[in-house]
Every structure is written in C-alpha cells, then in structure tokens.
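# Architecture at a glance
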Amino acid sequence: MARVRYWAAVGLAGAACLCVSAAQPVAQTKQPAGVTIQGKAATPTPEPVAETKLLMNGLAAANLRGLGRTLRDKPTEAEAWAFARGQALLIAESGNLLMLRPPKTNGRDDWLGYSGDLRDAGDKLARAAAAKDYAKARAGLAALANVCNRCHQTFQVATRVDPFAE
Ligand code: HEC
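Basis of the calculations
- Position numbers for residues start from 1 in each chain and track the written sequence from start to end.
- At least 70 in pLDDT is required for a residue's local features to be given in this predicted model, at least 80 for side-chain atom pairs to be given and counted, and no such filter applies to totals for whole chains, interfaces and linings, which use all residues.
- Counting from the N terminus, the helices are DSSP H or I runs at least four residues long and the strands are E runs at least two residues long.
- We call a residue exposed when 12 or fewer other C-beta atoms sit within 10 Å of its C-beta, buried when the count reaches 20 or more, and partly exposed for counts in between; the C-beta positions come from the backbone.
- By definition, residues are in contact whenever their C-beta atoms, placed on the basis of the backbone, come within 7 Å of each other.
- By this rule, a helix spans an expected 1.5 Å times one less than how many residues it contains.
- Between N-to-C directions, angles cover 0 to 180 degrees, with each direction set by a line fitted to C-alpha atoms, over the stretch in contact for helices.
- For classification purposes, an angle smaller than 35 degrees is called roughly parallel, one larger than 145 roughly antiparallel, one from 65 to 115 roughly perpendicular, and anything else oblique.
- If you view the pair so one helix is near and one far, a crossing is left-handed when the near helix is turned anticlockwise from the far one by less than a right angle, and right-handed when it is turned clockwise.
- Consider a residue and the seven residues that end there alongside the seven that start there; fitting an axis to each set, the bend is the angle between those axes.
- Only the C-beta atom matters for this test: placed from the backbone, it must lie within 6 Å of a molecule or strand for the residue to be near it.
- Residue type decides the class: Asp, Glu, Lys and Arg count as charged, Ala, Val, Leu, Ile, Met, Phe, Trp, Tyr, Cys and Pro as nonpolar, and the leftover types, Gly among them, as polar.
- Any set of buried Ala, Val, Leu, Ile, Met, Phe, Trp, Tyr and Cys residues joined through C-beta atoms within 7 Å is what this text calls a nonpolar core.

### Overview of the overall build of the protein chain
Looking only at helices and strands, the protein chain features five helices and two strands. When its helices and strands are written in sequence order, the protein chain yields α-β-β-α-α-α-α. By residue count, 21% of the 166 residues in the protein chain fall in the buried class. Look at the contacts in the protein chain between residues 6 or more apart in sequence, and 53% of them connect residues 24 or more apart.

Shown next as structure tokens:
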C-alpha cells in the first residue's frame, strides 16, 4: 500500500514537471531568434533560406512572364483568370519573402518599401483578375513591372523586366 502511494506521489510530481515544461515555450517567444534555453530551440521565426537570385528567377520573373502571356489578350476562360490571380498572388507573397532579405548595409528602407509595393501591386492585380477586369489587370501588370524595375534601378541591378515584350 505504501508503495502504491509512493508511485502516485511520483506520478503527481511528474505531472507538475510536465506542466512547467509545457509552459516554457510561451516564455521563450520573448527571446531573440535562434536563442536556445535549457537545450530547447526558441519558437521558430522566419529566416531566409534561398538566395535572392533564386526568388527572382523562380518566383518573380517566372510568374511575371506567365502573367504577360495570360494577359496578352483578354482571357476567355475562367480558368485563365484564376491562373492569373494565382500568379499575381505568388508575386505578392514574394514581397513578404523579400522583406526577410534587406541589404545588410545601405538601402534597407528602400528595400522594405519596394518589397511592400510589390506585395500591394501583386494583390491589386490579383483582385482585378478575380473580377475578370481586363483593363485593370493590364494596368495592374504594368504597375507591377514598374515596381520590379524601380527596385532594380535603386539597387543597380541591370535586369529590366517587360511583361509585354514577348
Ligand atoms: C526589393 C527589390 C527588388 C524587387 C521588388 C524586385 N527585384 Fe529582381 N532583383 C533584385 C536584386 C537585388 C537582384 C540581384 C540579385 C542577385 O544577383 O543576387 C535582382 C535580380 C533579378 C533578376 C536577375 C536574376 C539573375 O539570374 O541574375 C531578375 C530576372 C529579376 N530580378 C526579376 C524581378 C521581377 C520580375 C520582379 C518583379 C515582379 C523583381 N525582380 C522585383 C531586387 C528586386
């Protein structure tokens, strides 16, 4: 009997420990990214993994080219509009990813500003595509390409994009 009570007490103590350790991650959210406390990683925060160049080619340029093709003439199929909306949103989302990659030295504010503009312009174009508004979508695509080119000019990137070139 005494033994049973002993194990019950150990069980309770164990449960108390579990509660304490379960509460720890909440406290850890206040720590800066990557800080490790008592052998446990802090709550994950967004961190860049891919090179900026890869995002440019794989996300920004690929989807801008696709939009140029889809919107060359007024789409007749709902599917094409839905596709254009998705491509615009992927570019908008790439604005968020660019915000994680500001230059380490100069131009941080410009970079964050253009990244936000890219997100807004992509979002606006996505809305025009959702509404199947061809005039607004064409204007939105031109405005989007302007954001690409303005950022490239500011950061002396030689690439000039033109979604209507093909
Ligand atoms: C916030 C700034 C910024 C915005 C906005 C931006 N870019 Fe870029 N882009 C860069 C930088 C910086 C580079 C150079 C990257 C490198 O070489 O490491 C680059 C390079 C490129 C390249 C050349 C990649 C290569 O292989 O050399 C292409 C293509 C490109 N961007 C397309 C786009 C398109 C399309 C958009 C808009 C939909 C866009 N970019 C928006 C900053 C930006």
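### Some remarks on helix α3 (residues 78–99)
Its 22 residues give α3 an end-to-end C-alpha distance of 32 Å, which sits within 8% of 32 Å, the value for a rise of 1.5 Å per residue. Trp 81, Ala 84, Arg 85, Gln 87, Ala 88, Ile 91, Ala 92, Ser 94, Gly 95 and Leu 98 are the residues of α3 that are buried.

### Focus on unusual backbone geometry
For Lys 132, which is not glycine, the phi torsion reads 55° and is therefore positive. Positionally, Lys 132 belongs in the loop between α4 (108–130) and α5 (134–154). Since 16 C-beta atoms lie within 10 Å of it, Lys 132 is described here as partly exposed. In the Ramachandran plot, Gln 156 falls in the positive-phi region, its phi being about 50° despite a non-glycine side chain. The residue Gln 156 is located in the segment after α5 in this model.

### Remarks on the packing of α4 against α5
Between α4 and α5, whose axes approach to 9 Å, the crossing angle comes to 165°. On the basis of the axis angle, α4 is roughly antiparallel to α5. In terms of crossing hand, the pair formed by α4 and α5 is left-handed. Residue-level contacts link Asp 110, Tyr 114, Asp 117, Leu 118, Ala 121, Gly 122, Lys 124, Leu 125, Ala 128 and Ala 129 of α4 to Lys 136, Ala 137, Gly 140, Leu 141, Ala 143, Leu 144, Val 147, Arg 150, Cys 151 and Thr 154 of α5.

### Examining helix α2 (residues 52–70)
Its 19 residues give α2 an end-to-end C-alpha distance of 26 Å, which sits within 8% of 27 Å, the value for a rise of 1.5 Å per residue. The sharpest bend along α2 measures roughly 30° and falls at Ala 61. When α2 is considered as a whole, its buried residues turn out to be Ala 60, Asn 63, Leu 64, Leu 67 and Thr 70. The elements touched by buried residues of α2 are α3 and α5.

### A look at the site of the ligand
The full set close to the ligand counts 22 residues, and Met 56, Ala 60, Ala 61, Cys 148 and Cys 151 are the nearest of them. It is α2 that contributes the most residues to the shell around the ligand, seven residues altogether. Residue classes in the shell around the ligand are distributed as 16 nonpolar, five polar and one charged.

### Examining the nonpolar core
With 24 residues, the main nonpolar core has Ala 88, Leu 125 and Ala 129 as its most contacted residues. Those elements that provide at least two residues to this core are α2, α3, α4 and α5. Among all residues touching Leu 125, those that are not within four sequence positions of it are Ala 88, Ala 137, Gly 140, Leu 141 and Leu 144.

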